[in-house]
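Examining the three-dimensional arrangement
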Amino acid sequence: MVGKVSERVLLREGLERTDNGMKLTTWPDVPPINQKNYYTDFMKRDDQVLALRLQNDANRDRLVQSARERDRYLSKPANGELPVLVPELGEDDGAATPLTGIDPSRIIVIHPGSQNLRIGFASDALPKTIPTTLATKFPQTESEMHEALPRRQFEAKTTEQQYGEEWSKKYNKMCSDLKIEMRANKRKVLPNSKELVQTFNRRTEPEIIPKHNDPLEIEWTDPKSLEDPDSLASCFIGNDALRIPDDSDPKFKLWWPIQHGWWNEDDYTSQEHLYDDFETLLDKALRQELGLKTNSEWKQYMCVFVIPDLYDKRYVEQVLRSCMTWFEFNRVCFIQESMAATFGAGYTQACVVDMGAQKTSVTCVEDGLCIEDSRVNLKYGGYDITETFIKMMLYDNFPYQDINLRRRYDFLLAEELKIKHCTMSQADISVQLYQFHVRAPNQSTRKYQFKTYDEVILSAMGVFEPSLFDNSTKLRGRRKLVEMSYNAYDVDTPDDPSSSAQFAVLALVQPSLTAAPANGFSQSQLEVSTPSKERSQPFNFSGRDGPNGTPAGSHAGSPAPEGASTPVPPPFVFGGKDATNGGSPAPSGSRAAGTPIPGQSTQATQQPTGVGLESNGRTAKAMAMEKDEVLPVVPLDIAILTSIQNAAKGDDKKLRDLLGSIMVIGGGAKIPQLTVVLEERLKKLRPELYERILVSRSARDMDEQVVVWKGASVFAKLSTNDSWITPFEYERLGPRTLHHKVLWAW
């Protein structure tokens, strides 16, 4: 071993030290972190989150102010008067917000729908309801730009060719099935009822009524009554827009910013035009319906905005941006539709079925919050029933053959006919004689007589046979202007909310979505918006011989996907007894609650094949785009049971409780006997729970159309509401403040 070498030796060898002993840099040395024991509290305390810090500061300031006022009142005045009695503070006042004594008349509640907008103050008993449309000057009207609705081939020789042979076969089959069912229910069925209706309608001629003899003459909107006729931005909204004559000079076109519960990207050419029309619609509604004429007044009001259960994040962010920058409200908060419905009806637990004009949502609510995996969004509603009813009447020689739902007066007439005549009661099915009036602008009123038979019930039964509806254009233009939302940290991962029930519905429509995973779930489905408990087996609905399951054949059979080596079980399976009827038992490696059987491994417990990849090699983005191309349209009873099964997750008690509290709301729920028919169909699908299934309408005899708005107004008046977003928070955080403020997992 070489010892210490002297400097003389180093000098002789040319290895002497020539520096001055100073460090090469003044930058301090950072010792490496101890990998065995390190800790950080970054973003783990409430005072590090701006939204929570502001809320705590406001609570503390309120408590200090209340204590000062109480001390001042309790101190004896100099004049010897008795002090004013002040109620004692509650024990949990620390959880309250500064909005304890808020005036409900200062809160605006907005619930936009595909066909109607409901808006009003939280202190109002009922909201103002206006159609969600606005009319602006345009070279062509919507009836000139688009083909007639219902769609039909006017040049066709036969009726079957005119409306499509496939649709005609479905319609005739439903007619014969209805006759068999009515005979089984001991109801009188005349053999030639259909022929009587068709013959009478074919021979009916209209009666012309002079203008001075029409007591219900419609007052049409005068196009010259625009606020600023020279401005291209001037428009009519709501009922005024629908009452503009189609042959007006200048011509006007109707714009519907929301269709099928989404942004109406098909009719618009730019994102700015779409957003601007939506903001203009709300702007005019505030001025005309609520009397808030000046922009300076809006700053004194707060807003509660109702959004869908399965929402697009881009939609919510844009609404928040509009409320903060365009309207400049004092505060804004959001509430989901089904959550608001339970507030309006006074339920703590329910399966809410909201049948709107163009969208039907099914969601289970427990303790005031929506169960994430139970949310189902279907793209049909009352408007589809209207269109199908008119199509069936035209098939049976409806006397007014020129009806076109693209024309404004015909659209209003069709809605009126549906409301008057459509029913689900078999007792009302017989040959009936009715009449209606066609009131068109600048024309004499025409009075028609017509007969109906089974069209009034078969069109409404379309919710259980949605292939009867015209679904050809509902996905047209989807993602053309507004693309999906992506994760802030992984820009290739979509983060719009998802649910296992909705995925099961999509898989029923297109089984190839579940081609590779044996359990029907991809990795992106397991990683929902927030970490949660392990999902149960989504396709094993009652394929077990337990206390609530008698094996039965499924009514929702679907073929196996192309190219799949093994058949995939459909999303809704009641048992594995009859494989030929669509029934298929659950995958062999799982139980009812998704718990692996000891000694067997399931694919759900395996690790994903790669970062950002599905178990079948597809990326999360590709999977989301594939799901976007599938239209969620399944029978309503199947959707309800799918939602409840995904909410219960194997808990029999919760399953029975939800089946016993199904609440049908929305405009579509006003069809007579809908709840009775729906309850009967659910009992046929689950006969072992016959006594537990109960379908009802909204409580307290409230109008089903305003239950959601009413619930949002009740929510707005809660003193312990911590979800208000202030302009200060939005200025600092932007849309990111939604993560801390909304009441559900964002």
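The sections below set out a description of the structure shown in this document. (Residues numbered from 1 in each chain as written. Predicted model: local features only at pLDDT ≥ 70, side-chain atom pairs only at ≥ 80, totals over all residues. Heavy atoms only, no water.)

**Concerning the overall build of the protein**
- Across its full length, the protein carries 23 helices and 19 strands.
- Expressed as a percentage of the 746 residues in the protein, the buried residues total 50%.
- Within the protein, contacts between residues separated by at least 24 positions form 72% of all contacts whose residues are at least 6 apart in sequence.
- Per element, the accessible surface of the protein, about 37,100 Å² overall, is 51% carbon and sulfur. (Helix = DSSP H or I, 4+ residues; strand = E, 2+ residues; numbered from the N terminus. Buried < 20%, exposed > 50% of the residue type's maximum accessible area, 1.4 Å probe, protein only. Contact = heavy atoms within 4.5 Å. Areas by Shrake-Rupley, 256 points an atom, 1.4 Å probe, with all protein chains shown as cover.)

**Describing the sheet that holds strand β17 (residues 445–452)**
- Here we have three strands laid out as an open sheet, ordered β5-β17-β16, and antiparallel in their pairing. Each edge of the sheet is formed by a strand with only one pairing partner; in this case those strands are β5 (207–209) and β16 (432–438). Each neighbouring strand pair of the sheet contributes to a mean axis angle of 30°, computed without reference to strand direction.
- The sheet contact formed by β16 and β17 spans seven bridges and is antiparallel. Pairing of Gln435 across the sheet is with Gln449, part of β17.
- Along the sheet, helix α6 (residues 193–203) makes contact with β16 and β17, crossing β17 at roughly 165°.
- Across the sheet, helix α13 (residues 408–421) touches β16 and β17, and the angle it forms with β16 is around 155°. (Pairing = 2+ DSSP bridges. Axes fitted to C-alpha atoms, helices over the stretch in contact; angles between N-to-C directions.)

**Some remarks on the packing of aromatic side chains**
- Enumeration over the complete set of coordinates arrives at 28 aromatic pairs.
- Between the aromatic rings of Phe343 and Phe715, the centroid separation amounts to 5.7 Å while the plane-to-plane angle is 70°, which identifies the pairing as edge-to-face. Linking Phe343 in helix α11 (residues 337–345) with Phe715 in helix α21 (residues 707–716), this pair joins segments that are 372 residues apart in sequence.
- Take Phe343: its relative accessible area is 26%, and that puts it in the partly exposed class.
- Assessed through its relative accessible area of 3%, Phe715 is described here as buried.
- Through a chain of ring-to-ring contacts, the aromatic side chains of Phe398, Tyr400, Tyr434, Phe436, Tyr448 and Phe450 assemble into a single cluster.
- Between Lys253 and the ring centre of Phe138, over which it is positioned, the NZ or CZ distance is 6.0 Å. (Phe/Tyr/Trp six-rings, centres within 6.5 Å; stacked < 30°, edge-to-face > 60°. Lys NZ or Arg CZ within 6 Å of the ring centre and 35° of its normal.)

**Topic: the sheet that holds strand β10 (residues 302–307)**
- What the five strands build is an open sheet, ordered β3-β2-β1-β10-β11; its pairing is mixed. The open sheet has two edge strands with one neighbour each: β3 (128–131) and β11 (331–336). Strand-to-strand twist across the sheet, computed as the mean angle between neighbouring axes with direction ignored, equals 20°.
- Two strands pair when backbone bridges link them, and strand β1 (residues 107–112) and strand β2 (residues 116–121) are joined in this way by five bridges, in the antiparallel orientation. Within the sheet, the bridge partner assigned to Ile108 lies in β2 and is Phe121.
- Contacting β1, β10 and β11, α11 runs over the sheet at an angle of about 90° to β11.

**Remarks on the pattern of salt bridges**
- Counted according to the given criterion, the structure contains 40 salt bridges.
- The partner of Arg476 in a salt bridge is Asp266, and the shortest N-O contact between them spans 3.0 Å. Of this pair, Arg476 sits in the loop between α14 (455–458) and α15 (500–509) while Asp266 sits in the loop between β9 (262–263) and α8 (271–288), placing them 210 residues apart in sequence.
- Since its relative accessible area comes to 24%, Asp266 is described here as partly exposed.
- Measuring nitrogen to oxygen at the nearest pair gives 3.5 Å for the salt bridge that ties Asp312 to Arg478. Linking Asp312 in the loop between β10 and α10 (313–326) with Arg478 in the loop between α14 and α15, this pair joins segments that are 166 residues apart in sequence. Note on accessibility: Asp312 and Arg478 belong to one class, buried. (Salt bridge = Lys/Arg side-chain N within 4 Å of Asp/Glu carboxyl O.)

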